[in-house]
Amino acid sequence: MKNRLKIAMYLRLSKEDDWNAQESNSISYQRLLLRGYIERNFENYEILEFVDDGYSGTSMDRPAMQELLAAARQKKVDCIIVKDLSRLGRDTIETQLFIDKIFPFLGVRFISINDYYDSNAAYSN
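Residues numbered from 1 in each chain as written. Predicted model: local features only at pLDDT ≥ 70, side-chain atom pairs only at ≥ 80, totals over all residues. Heavy atoms only, no water.

Enquirer: What is the right way to read the overall build of the protein chain from this model?
Expert: When its secondary structure is counted, the protein chain shows 6 helices and 5 strands. Going residue by residue from the N terminus, the α and β elements of the protein chain occur as β-α-α-β-α-β-α-α-β-β-α. Looking at the protein chain as a whole, 42% of its 125 residues qualify as buried. Considering only contacts in the protein chain between residues 6 or more positions apart, those separated by 24 or more positions represent 71%. As displayed, the protein chain has an accessible area near 7,300 Å², and 51% of this comes from carbon and sulfur atoms. (Helix = DSSP H or I, 4+ residues; strand = E, 2+ residues; numbered from the N terminus. Buried < 20%, exposed > 50% of the residue type's maximum accessible area, 1.4 Å probe, protein only. Contact = heavy atoms within 4.5 Å. Areas by Shrake-Rupley, 256 points an atom, 1.4 Å probe, with all protein chains shown as cover.)

Enquirer: Whenever I open this one, the sheet that holds strand β5 (residues 117–118) confuses me. Can you help?
Expert: With respect to topology, 5 strands assemble into an open sheet ordered β2-β1-β3-β4-β5, the strand pairing being mixed. At either end of the open sheet lies a strand with only one pairing partner, and these are β2 (45–53) and β5. Where strand β3 (residues 79–82) and strand β4 (residues 109–112) come together, 4 bridges link them in parallel fashion. For Cys79, the partnering residue across the bridge sits in β4 and is Arg109. (Pairing = 2+ DSSP bridges.)

Enquirer: Where do I start with the side chain of Ser112 in this structure?
Expert: By the element assignment, Ser112 lies in strand β4. For Ser112, a relative accessible area of 1% translates into the label buried. Within the structure, Ser112 has its side chain in polar contact with the side chain of Asp115 (distance 2.6 Å). Contacts of Ser112, omitting those with residues within four sequence positions, involve Val82, Lys83, Asp84, Leu85 and Tyr117. (Polar contact = N/O pair within 3.5 Å; in protein donor to acceptor, adjacent residues only side chain to side chain.)

Enquirer: I keep staring at the environment of Asp78 and nothing clicks. Help me out?
Expert: Counting through the fold element by element, Asp78 comes out in the loop between α3 (63–73) and β3. For Asp78, a relative accessible area of 26% translates into the label partly exposed. Sequence-wise, Asp78 and Leu5 are 73 residues apart; in three dimensions their C-alpha atoms are separated by 6.3 Å. Excluding residues that lie within four positions of it along the chain, Asp78 makes contacts with Arg4, Leu5, Lys6, Gly107, Val108 and Arg109.

Enquirer: Just checking my understanding: could you explain unusual backbone geometry for this structure?
Expert: Leaving glycine out, the prevailing phi sign among residues is negative, and the prevailing peptide bond configuration is trans. Its identity as a non-glycine residue notwithstanding, Asn44 has a phi of 55 degrees, on the positive side. Within the secondary structure layout, Asn44 lies in the loop between α2 (27–41) and β2. Phi is positive for Tyr116, which is not a glycine, with a value near 55 degrees. Tracing the sequence through the fold places Tyr116 in the loop between β4 and β5.

Enquirer: Quick question: what am I supposed to make of the packing of aromatic side chains here?
Expert: Two numbers describe a pair of aromatic rings. These are the distance of the centres and the angle of the planes. This model, assessed by the stated rule, comprises 3 aromatic pairs. Seen in terms of ring centroids, Phe98 and Phe103 are 5.7 Å apart; in terms of plane orientation they differ by 55 degrees. Their pairing is tilted. Across the pair, exposure class does not vary: Phe98 and Phe103 are buried alike. Seen in terms of ring centroids, Phe110 and Tyr117 are 6.1 Å apart; in terms of plane orientation they differ by 45 degrees. Their pairing is tilted. The structure contains a cluster of three or more aromatic residues connected by ring pairs, namely Phe98, Phe103, Phe110 and Tyr117. (Phe/Tyr/Trp six-rings, centres within 6.5 Å; stacked < 30°, edge-to-face > 60°.)

Enquirer: Before we go on, may I ask you to explain the nonpolar core in this structure?
Expert: Buried together is how nonpolar side chains tend to be arranged in soluble globular proteins. Core analysis: the largest hydrophobic core is formed by 20 residues, its most contacted members being Leu68, Ile80 and Phe103. Elements with a minimum of two residues in this core: β1 (5–13), α3, β3 and α5 (92–106). In terms of residues, this core owes the most to one element, α3, which gives 6 residues. For Ile80, the contacting residues outside a window of four places in its chain are Ala8, Leu68, Phe103, Val108, Arg109, Phe110 and Ile111. Among the nonpolar cores identified, the runner-up in size contains 14 residues, and Ile27, Leu33, Phe42 and Ile81 belong to it. (Core = buried A, V, L, I, M, F, W, Y, C linked by side-chain atoms within 4.5 Å.)

So this is what it looks like as C-alpha coordinates:
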(Lines give C-alpha, C1' and ligand atoms only; values in the text may rest on other atoms or scores of the structure.)
Protein backbone atom coordinates (compact mmCIF):
# COMPACT_ATOMS: atom_id res chain seq x y z
CA MET A 1 0.00 0.00 0.00
CA LYS A 2 1.21 3.49 -0.89
CA ASN A 3 2.25 5.77 1.99
CA ARG A 4 -0.16 8.49 2.96
CA LEU A 5 0.83 12.02 2.00
CA LYS A 6 1.28 14.13 5.13
CA ILE A 7 -0.29 17.51 4.42
CA ALA A 8 0.17 20.36 6.88
CA MET A 9 -2.48 23.05 6.92
CA TYR A 10 -1.09 26.25 8.39
CA LEU A 11 -3.66 28.76 9.61
CA ARG A 12 -2.92 32.14 11.13
CA LEU A 13 -5.03 35.02 12.32
CA SER A 14 -3.46 38.06 13.91
CA LYS A 15 -5.15 40.38 16.34
CA GLU A 16 -5.00 43.03 13.60
CA ASP A 17 -6.92 40.75 11.21
CA ASP A 18 -9.49 40.01 13.90
CA TRP A 19 -9.86 43.72 14.75
CA ASN A 20 -10.68 44.45 11.11
CA ALA A 21 -13.31 41.70 11.19
CA GLN A 22 -12.10 40.15 7.96
CA GLU A 23 -14.24 37.02 7.86
CA SER A 24 -12.26 35.73 4.87
CA ASN A 25 -9.20 35.47 7.13
CA SER A 26 -10.93 33.77 10.07
CA ILE A 27 -9.49 30.49 11.27
CA SER A 28 -12.75 28.65 10.52
CA TYR A 29 -12.87 30.06 6.98
CA GLN A 30 -9.23 29.16 6.34
CA ARG A 31 -9.85 25.64 7.65
CA LEU A 32 -12.85 25.14 5.33
CA LEU A 33 -10.97 26.52 2.32
CA LEU A 34 -7.89 24.36 2.90
CA ARG A 35 -9.82 21.16 3.63
CA GLY A 36 -11.93 21.66 0.51
CA TYR A 37 -8.81 22.18 -1.61
CA ILE A 38 -7.18 19.07 -0.17
CA GLU A 39 -10.28 16.93 -0.73
CA ARG A 40 -10.52 18.07 -4.37
CA ASN A 41 -6.83 17.69 -5.21
CA PHE A 42 -5.35 14.84 -3.17
CA GLU A 43 -5.97 11.19 -2.41
CA ASN A 44 -4.60 9.04 0.41
CA TYR A 45 -3.55 11.82 2.75
CA GLU A 46 -3.27 12.63 6.42
CA ILE A 47 -3.92 16.21 7.55
CA LEU A 48 -1.84 17.86 10.22
CA GLU A 49 -3.11 21.22 11.43
CA PHE A 50 -0.97 24.06 12.77
CA VAL A 51 -2.79 27.16 14.05
CA ASP A 52 -1.40 30.45 15.26
CA ASP A 53 -4.45 32.38 16.41
CA GLY A 54 -3.68 35.90 17.58
CA TYR A 55 -0.11 36.06 16.24
CA SER A 56 1.31 38.65 13.89
CA GLY A 57 2.87 37.49 10.64
CA THR A 58 5.76 39.92 10.92
CA SER A 59 7.97 37.25 12.51
CA MET A 60 8.28 33.51 11.97
CA ASP A 61 8.72 33.15 15.74
CA ARG A 62 5.19 31.86 16.37
CA PRO A 63 4.42 28.67 18.34
CA ALA A 64 2.59 26.70 15.63
CA MET A 65 4.99 27.94 12.92
CA GLN A 66 7.92 26.63 14.96
CA GLU A 67 6.11 23.28 15.42
CA LEU A 68 5.45 23.14 11.67
CA LEU A 69 9.09 23.86 10.82
CA ALA A 70 10.26 21.22 13.30
CA ALA A 71 7.87 18.68 11.75
CA ALA A 72 9.18 19.58 8.27
CA ARG A 73 12.80 19.14 9.40
CA GLN A 74 11.87 15.75 10.90
CA LYS A 75 10.28 14.67 7.58
CA LYS A 76 6.83 14.47 9.19
CA VAL A 77 5.38 16.82 6.56
CA ASP A 78 5.33 16.33 2.77
CA CYS A 79 3.30 19.39 1.83
CA ILE A 80 2.36 22.70 3.46
CA ILE A 81 -0.83 24.49 2.39
CA VAL A 82 -1.89 28.02 3.29
CA LYS A 83 -4.79 30.24 2.23
CA ASP A 84 -2.42 32.92 0.93
CA LEU A 85 1.16 34.04 1.39
CA SER A 86 0.17 36.59 4.05
CA ARG A 87 -0.90 33.74 6.33
CA LEU A 88 2.63 32.29 6.15
CA GLY A 89 4.28 35.63 6.83
CA ARG A 90 4.10 39.38 6.34
CA ASP A 91 7.84 39.90 5.84
CA THR A 92 8.13 39.45 2.07
CA ILE A 93 11.86 38.71 2.04
CA GLU A 94 11.68 36.13 4.85
CA THR A 95 8.57 34.49 3.40
CA GLN A 96 10.22 34.24 -0.03
CA LEU A 97 13.30 32.67 1.57
CA PHE A 98 11.13 29.88 2.98
CA ILE A 99 9.35 29.34 -0.34
CA ASP A 100 12.43 29.46 -2.58
CA LYS A 101 15.11 27.92 -0.37
CA ILE A 102 14.07 26.33 2.91
CA PHE A 103 11.01 24.30 1.85
CA PRO A 104 12.73 22.95 -1.30
CA PHE A 105 15.83 22.06 0.76
CA LEU A 106 13.60 20.14 3.18
CA GLY A 107 11.80 18.43 0.29
CA VAL A 108 8.47 19.99 1.24
CA ARG A 109 5.94 21.00 -1.37
CA PHE A 110 4.34 24.40 -0.70
CA ILE A 111 0.91 25.54 -1.89
CA SER A 112 -0.72 28.96 -1.47
CA ILE A 113 -4.28 28.56 -2.69
CA ASN A 114 -5.37 32.16 -3.32
CA ASP A 115 -2.02 33.05 -4.89
CA TYR A 116 -2.33 30.09 -7.31
CA TYR A 117 1.13 28.96 -6.23
CA ASP A 118 2.26 25.34 -6.11
CA SER A 119 5.99 24.69 -5.81
CA ASN A 120 5.59 21.45 -7.78
CA ALA A 121 4.39 23.46 -10.79
CA ALA A 122 6.90 26.27 -10.22
CA TYR A 123 9.94 24.00 -10.30
CA SER A 124 8.80 21.32 -12.74
CA ASN A 125 10.88 22.55 -15.74
